[in-house]
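Per-entry structural report
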Amino acid sequence: MRMASKFTKSLAIAVDVGGTNLRTAIIDGKGKIIAKNVVKTVRRGKSGQVVADQVIEEIRKLIGGEDAKKYKGIGVSIAGPIDYKKGASINPPNMNFKFVPMAEPLKKTFRLPVHLANDCNIGVLGEKYFGAGKKTENLVYITMSSGIGGGAIVNGNLLLGKDGSAAEVGHMIVDTEYNLLCSCGKGKGHWEAYASGNNIPKFFRAWAKKKRKKINFHYRKATDIFAAVRKKDKVTLEFMEELGRMNGRGLSNVIAAYDPELIIFGGAVMLNNGDLVLKYAKKYIDKFLRWPKLKVSSLGENAPLLGAAALIFGYPHSSS
Ligand SMILES: [Zn+2]
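What you see is a predicted model; the values in this text were computed from it and never measured. (Residues numbered from 1 in each chain as written. Predicted model: local features only at pLDDT ≥ 70, side-chain atom pairs only at ≥ 80, totals over all residues. Heavy atoms only, no water.)

Along helix H9 (residues 303–313), nine of the eleven residues are buried, which leaves the element largely enclosed by surrounding structure. Every buried residue belonging to H9 is among Ala303, Leu305, Leu306, Gly307, Ala308, Ala309, Ala310, Leu311 and Ile312, and all of these are buried. Its buried side turned inward, H9 meets strand S1 (11–17), strand S2 (21–28), strand S3 (33–40), strand S4 (74–78), strand S8 (114–118) and helix H3 (119–130). (Buried < 20%, exposed > 50% of the residue type's maximum accessible area, 1.4 Å probe, protein only. Helix = DSSP H or I, 4+ residues; strand = E, 2+ residues; numbered from the N terminus. Contact = heavy atoms within 4.5 Å.)

Structure, rendered in structure tokens:
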């Protein structure tokens, strides 16, 4: 709880709606987190309205008895796709609801500007405002966790597209040899089908089968494979070349599409094993265009909240 202050106009209310946790925070223009709450996201109810109701309740708790009008606005990170006209998330993954309204209920309750973005675009905004991308006008953020997602700022502008899905780089095609089905269920050969945390073990097995390699079937998780690589296991070292080839193609596509100065990586795969992933990927990135700098994010677990605050301090582009 905070005491009322005349300085609160320089503060944003940030919300990170995840499938598991709902985080709310008060953040200042320098990225300092003044207050923060975390609860489990509601999973049951008649409709997605229950999520909006929970967010309202959490914001009320966060600001205590203060008049919400003292704040600059509410920024919300929510899994997409996003319907910007309705200010809602449509079929968010890992949530039980088909339609989660957000902008209208929050605006009605708090009478503040409300901006939404999906979690991938939030990632690039957080880096631009509070992370390694501060001085960069051309920046791509790629998260490699259970899936692969991305966000791009080109010439200082966040690219959104019709559904906020511009720069969904995980669904770029990087392969026509193994033809692995992507976790989106709609396409084969997508980058995510090879190099995301959930799919690296599947790709490993497909590769081993195709190349007739004897493999250790205890490798169930991506982290098992990276651990074997660090122990210089011969077969997994060979596999890293093939994974590097896929990542090299993905990154070559990203460089050709957005011509960034900097690519920042987040997500568990990169936060834990980014050194290995990049070491092999760099061997296979096309040399045609001038390379950007490649960096692993340093924002940590508060990155989505910082990105949501950046929506208020920097990019009033979505529903308001
Ligand atoms: Zn896909």
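Read on, since the account is not over.
An order of S3-S2-S1-S4-S8 is seen for the five strands of this open sheet, with the pairing classed as mixed. Of all strands in the sheet, those with a lone pairing partner are S3 and S8, marking the two edges. In this sheet, adjacent strand axes meet at a mean angle of 15 degrees when their direction is disregarded. Pairing between S2 and S3: seven bridges, direction antiparallel. If you follow Asn21 over to S3, its bridge partner there is Lys40. Across the sheet, H9 lies against S1, S2, S3, S4 and S8, angled at about 135 degrees from S1, the strand it touches most. (Pairing = 2+ DSSP bridges. Axes fitted to C-alpha atoms, helices over the stretch in contact; angles between N-to-C directions.)

Protein coordination of the zinc ion is provided by His171 (ND1), Cys182 (SG), Cys184 (SG) and His190 (ND1), with donor distances spanning 2.0 to 2.3 Å. One way to put it: the four donor atoms around the zinc ion meet at angles of 102 to 114 degrees, and that makes the site tetrahedral. Judged by its relative accessible area of 31%, Cys184 falls in the partly exposed class. (Donors = N, O, S within 2.8 Å, 3.2 Å for Na, K, Ca; no water. Tetrahedral: all angles 85-135°; square planar, octahedral: opposite > 155°, others 65-115°.)

Turning our attention to the pattern of salt bridges. Following the criterion strictly, the structure yields nine salt bridges and no others. Between Lys211 and Glu177 there is a salt bridge, and its shortest N-O distance comes to 3.7 Å. Of this pair, Lys211 sits in the loop between helix H5 (200–210) and helix H6 (222–230) while Glu177 sits in the loop between strand S11 (157–158) and helix H4 (192–195), and the two are 34 residues apart along the sequence. A salt bridge links Glu238 to Lys213, with the shortest nitrogen-to-oxygen separation between them at 2.7 Å. One end of the pair, Glu238, is in helix H7 (residues 234–258); the other, Lys213, is in the loop between H5 and H6, with 25 residues separating them in the sequence. Taking relative accessible area as the criterion, Lys213 reaches 28% and is therefore assigned partly exposed. (Salt bridge = Lys/Arg side-chain N within 4 Å of Asp/Glu carboxyl O.)

Turning to the pairing of S1, a few remarks are in order. Of all seven residues in S1, seven are buried; the element is thus mostly enclosed. What you see with S1 is no split at all: Leu11, Ile13, Val15 and Val17 on one side and Ala12, Ala14 and Asp16 on the other are buried throughout. With seven bridges joining them, S1 and S2 adopt antiparallel strand pairing. When the sheet's bridge partners are listed, Ile13 is paired in S2 with Ile26. Counting the residues in the hairpin turn of S1 and S2 gives three residues.

As assigned here, the protein chain comprises domain 1 (8–124 + 302–313) and domain 2 (132–298). Each partner contributes to the interface: domain 1 provides eight residues, whereas domain 2 provides 17 residues. For the pairing of domain 1 and domain 2, the buried interface totals around 900 Å² over both sides, and the portion due to carbon and sulfur atoms is 63%. Per-residue buried area on domain 1 facing domain 2 is highest for Cys120, Asn121 and Val124; these three make up 59% of the total on that side. (Domains from an automatic or database assignment. Buried area = accessible area lost by both parts, 1.4 Å probe.)

Bringing the packing of aromatic side chains into the picture now. Here the structure, examined in full by the defined rule, presents nine aromatic pairs. Relative to Tyr194, the ring of Tyr178 lies with its centre 6.5 Å away and its plane at 65 degrees, an arrangement referred to as edge-to-face. Here Tyr194 lies in helix H4 and Tyr178 lies in the loop between S11 and H4, a separation of 16 residues in the sequence. Each of the two residues, Tyr178 as well as Tyr194, counts as buried. Three or more aromatic residues joined by ring pairs make a cluster, and in this case those are Tyr178, Tyr194, Phe203, Phe204, Trp207, Tyr219 and Phe239. It is Lys210 that lies over the ring of Tyr178; its NZ or CZ is 5.8 Å from the centre. (Phe/Tyr/Trp six-rings, centres within 6.5 Å; stacked < 30°, edge-to-face > 60°. Lys NZ or Arg CZ within 6 Å of the ring centre and 35° of its normal.)

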